[in-house]
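Structure assessment
Now for the letters of each chain:
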2 protein chains.
Amino acid sequence: MTNYPITRSSDQPMQAVVLMSGGLDSYTAAAIARSEGFSLNALTVHYGQRHACEIEAARRIASALGVQKHLEIGLDLRGIGGSALTSDTPVPRDRDLSAVDIPSTYVPARNTIFLALALGWAEALDARDIVIGVNALDYSGYPDCRPAFIGAFESLARLATKAGVEGATFRVHTPLIALTKAAIIRRGLDLGLDYALTHSCYDPTASGAPCDRCDSCVLRAKGFAEAGVPDPLLLR
Amino acid sequence: MTNYPITRSSDQPMQAVVLMSGGLDSYTAAAIARSEGFSLNALTVHYGQRHACEIEAARRIASALGVQKHLEIGLDLRGIGGSALTSDTPVPRDRDLSAVDIPSTYVPARNTIFLALALGWAEALDARDIVIGVNALDYSGYPDCRPAFIGAFESLARLATKAGVEGATFRVHTPLIALTKAAIIRRGLDLGLDYALTHSCYDPTASGAPCDRCDSCVLRAKGFAEAGVPDPLLLR
């Protein structure tokens, strides 16, 4: 699941598929994988988000990280419904983040869908490693961000693929899963990341400015405050 | 996995999401689910197949079955590559179907991706049942058609979803998994299905006529021969 030792069978860098949303978590997770020696293949899914600025951020980040390939896949989840992120339901603001309920921004089975796409691309690339920036602490309560889910996906991957049948093991790396948002930011700053490239808000204005009140904005602000550094997005 | 008893908590028909490709397997699987009392919600994924006739067949079948909803999702898997079905690699013809290797028509992680989408829609619809026409006998050797894969997906579904966290169990019904192609056809004919509506060929001509030589055509022809009935597609 997480913290696998990296072993090399040759001098070729190992290929990893990294899910790249444009937010600070996926940027940091990708940078950690790169620092561990992986050659990155970024996968961005256009899933009918309300805002194109998330995709533009993913492109900036992929470019800044010098990824090998950046694959963008169009997948319109609006027909599925069930989420404030893919429908006209208002995104909740000023929510009590200590509440235990799963919020309306939950997209049904989103990480299952994203990991399935990453698995397909990984198998086609002959890669065995997938990186996802999920976080089980400051994570809004989504079920598909938990270690048990990631472990179940790894088990599935072995049974689901030609490579798995032939003996390969797919690993889903979750370098952020046990970190607070502040720890994620500190780790990224240590790696020299420029968080001005990222986009976090669920419900930005037409010009792309963050709303400052959705869960994602609130968690981001809390993270920068606890890390003791200013958010470069707010300095512009 | 398969053969779950159907229990009802009310007089409302239970909703099921059915993966609907346009082939005879998904048509028969859907019809069996309907005969067991499910109200059908058909999901067709446009995944960059070589031929639009498969999608037209899915629409005809959905209409013939009187589905509640038919959701078509565009998902371009051509960028992922790795398969003769989503690339310009030739579809193999006249292959030895007793060979144990997995053929080039295998689409990496396809059923994982399709079941993930079905799971998302099922959760949004408040449905707990997913139907897929996979078959572990006359199936071309794909890993994601086996019972162990289906069981692993059910385990994942419980961990992956808000509904699962809240105690729901998702079931993936595979009514064809242990049937020969001939048995599938006989079961469908007993249910009054019109297989002239379906499309099976991996590599049809421009007018939509089957090639008669790809795995899918060969398995279909063998199935009708063993069932002792003519294929209505060949009578037209």
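Just above sits the structure.
Every value quoted in this text rests on a predicted model; they were computed, and no experiment measured them.

A separate point is the overall build of chain A. When its secondary structure is counted, chain A shows 8 helices and 5 strands. Per-residue burial over chain A gives 49% buried out of 236 residues. By sequence separation, contacts in chain A at least 24 residues apart represent 73% of the contacts at least 6 residues apart.

Turning to unusual backbone geometry, a few remarks are in order. The backbone phi angle of A:A109 is positive, close to 60°, even though this residue is not glycine. Mapped onto the elements of the fold, A:A109 is located in the loop between β3 (69–74) and α3 (110–125). Judged by the 32 C-beta atoms lying within 10 Å of it, A:A109 falls in the buried class. Of note in the backbone geometry, B:D126 takes a positive phi value of approximately 65° without being a glycine. Its location among the elements puts B:D126 in the loop between α3 (110–125) and β4 (129–131).

Rotating chain A by 180° about the axis while translating it 0.0 Å along that axis superimposes it on chain B, leaving an RMSD of 0.0 Å. Taken together, the turn and the small shift mark the pair as related by a two-fold rotation axis. Closest approach to the rotation axis within chain A is made by the C-alpha atom of A:L75, at a distance of 2.5 Å. A share of 100% of the interface residues of chain A reappears at the interface of chain B, consistent with the copies meeting face to face through the same patch.

If you look at soluble globular proteins, the nonpolar side chains tend to sit buried side by side. Judged by nonpolar contacts, the single largest core of 132 residues is most densely connected at A:V18 and B:V18. Excluding its chain neighbours within four sequence positions, the residues that come into contact with A:V18 are A:A29, A:A30, A:A33, A:L40, A:N41, A:A42, A:L43 and A:V131.

With 37 residues of chain A at the contact, the number on the chain B side is 37 residues. Looking at the side of chain A that touches chain B, the elements with two or more residues in it are β3, α3, α4 (147–160) and α5 (162–165) of chain A. Counted by class, the side of chain A that touches chain B contains 24 nonpolar, 9 polar and 4 charged residues.

Residue and element names in this part refer to chain B. Checked against the element boundaries, T180 lands in the loop between β5 (171–173) and α6 (181–190). T180 gets classed as partly exposed once you count the C-beta atoms within 10 Å, which come to 17. Sequence-wise, T180 and E226 are 46 residues apart; in three dimensions their C-alpha atoms are separated by 9.4 Å.

This brings us to helix α7 (residues 215–227) of chain A. Residues and elements named next belong to chain A. Here α7 is 13 residues long and its end C-alpha atoms lie 18 Å apart, about the 18 Å a rise of 1.5 Å per residue gives. D215, S216, C217, L219, R220 and G223 are the residues of α7 that are buried. Here the buried face of α7 lies against α1 (24–35) and α6 (181–190). Phi turns positive one or two residues past the end of α7, at G228, with a value near 75°.

It is at 9 Å that the axes of α4(A) and helix α4 (residues 147–160) of chain B come closest, and there the two elements cross at 165°. Relative to α4(B), the element α4(A) lies roughly antiparallel. Relative to α4(B), the crossing made by α4(A) is left-handed. Listed contacts from α4(B) to A:A148, A:F149, A:A152, A:F153, A:S155, A:L156, A:L159 and A:A160 of α4(A) are B:A148, B:F149, B:A152, B:F153, B:S155, B:L156, B:L159 and B:A160.

Here we come to the packing of α6(B) against helix α7 (residues 215–227) of chain B. Residues and elements named next belong to chain B. It is the contact of α6 with α7, at a shortest axis distance of 7 Å, that shows an interaxial angle of 65°. Classed by the angle they form, the pair α6 and α7 counts as roughly perpendicular. As for how α6 packs across α7, the hand of that crossing is right-handed. Only L219, R220, K222, G223, F224, E226 and A227 of α7 make contact with α6, whose side of the interface consists of K181, A182, I184, I185 and R186. Its residues assigned to classes, the contact of α6 with α7 comprises 6 nonpolar, 1 polar and 5 charged.

A few words now on α6(A). All names here are of chain A. Every buried residue belonging to α6 is among K181, I184, I185 and G188, and all of these are buried. Buried residues of α6, seen end-on, are gathered within an arc of 95° and therefore sit on one face of the element. Close packing links the buried residues of α6 with α1 and α7. Of the residues flanking the end of α6, it is G192, one or two places downstream, whose phi is positive at about 80°.

All names here are of chain A. Relative to the helices and strands, A42 is located in strand β2 (residues 38–46). Classification of A42 as buried rests on a count of 24 C-beta atoms within 10 Å. Each C-alpha atom, one on A42 and one on I73, is 11 Å from the other, the two residues being 31 residues apart in sequence. If we ignore the near neighbours within four places in the chain, the residues touching A42 are V18, M20, A30, A62, V67 and H70.

Rules and cut-offs
- Residues numbered from 1 in each chain as written.
- Chains lettered and ligands numbered in written order.
- Predicted model: local features only at pLDDT ≥ 70, side-chain atom pairs only at ≥ 80, totals over all residues.
- Helix = DSSP H or I, 4+ residues; strand = E, 2+ residues; numbered from the N terminus.
- Buried ≥ 20, exposed ≤ 12 C-beta atoms within 10 Å, placed from the backbone.
- Contact = placed C-beta atoms within 7 Å.
- Least-squares fit on C-alpha atoms with pLDDT ≥ 70 in both.
- Core = buried A, V, L, I, M, F, W, Y, C linked by C-beta atoms within 7 Å.
- Nonpolar A, V, L, I, M, F, W, Y, C, P; charged D, E, K, R; others polar.
- Expected span 1.5 Å × (residues − 1).
- Axes fitted to C-alpha atoms, helices over the stretch in contact; angles between N-to-C directions.
- Parallel < 35°, antiparallel > 145°, perpendicular 65-115°, else oblique.
- Left-handed = near helix turned anticlockwise from the far one by under 90°.
- Arc of directions from axis to C-beta.

Taken by themselves, the reported measurements are silent on function.
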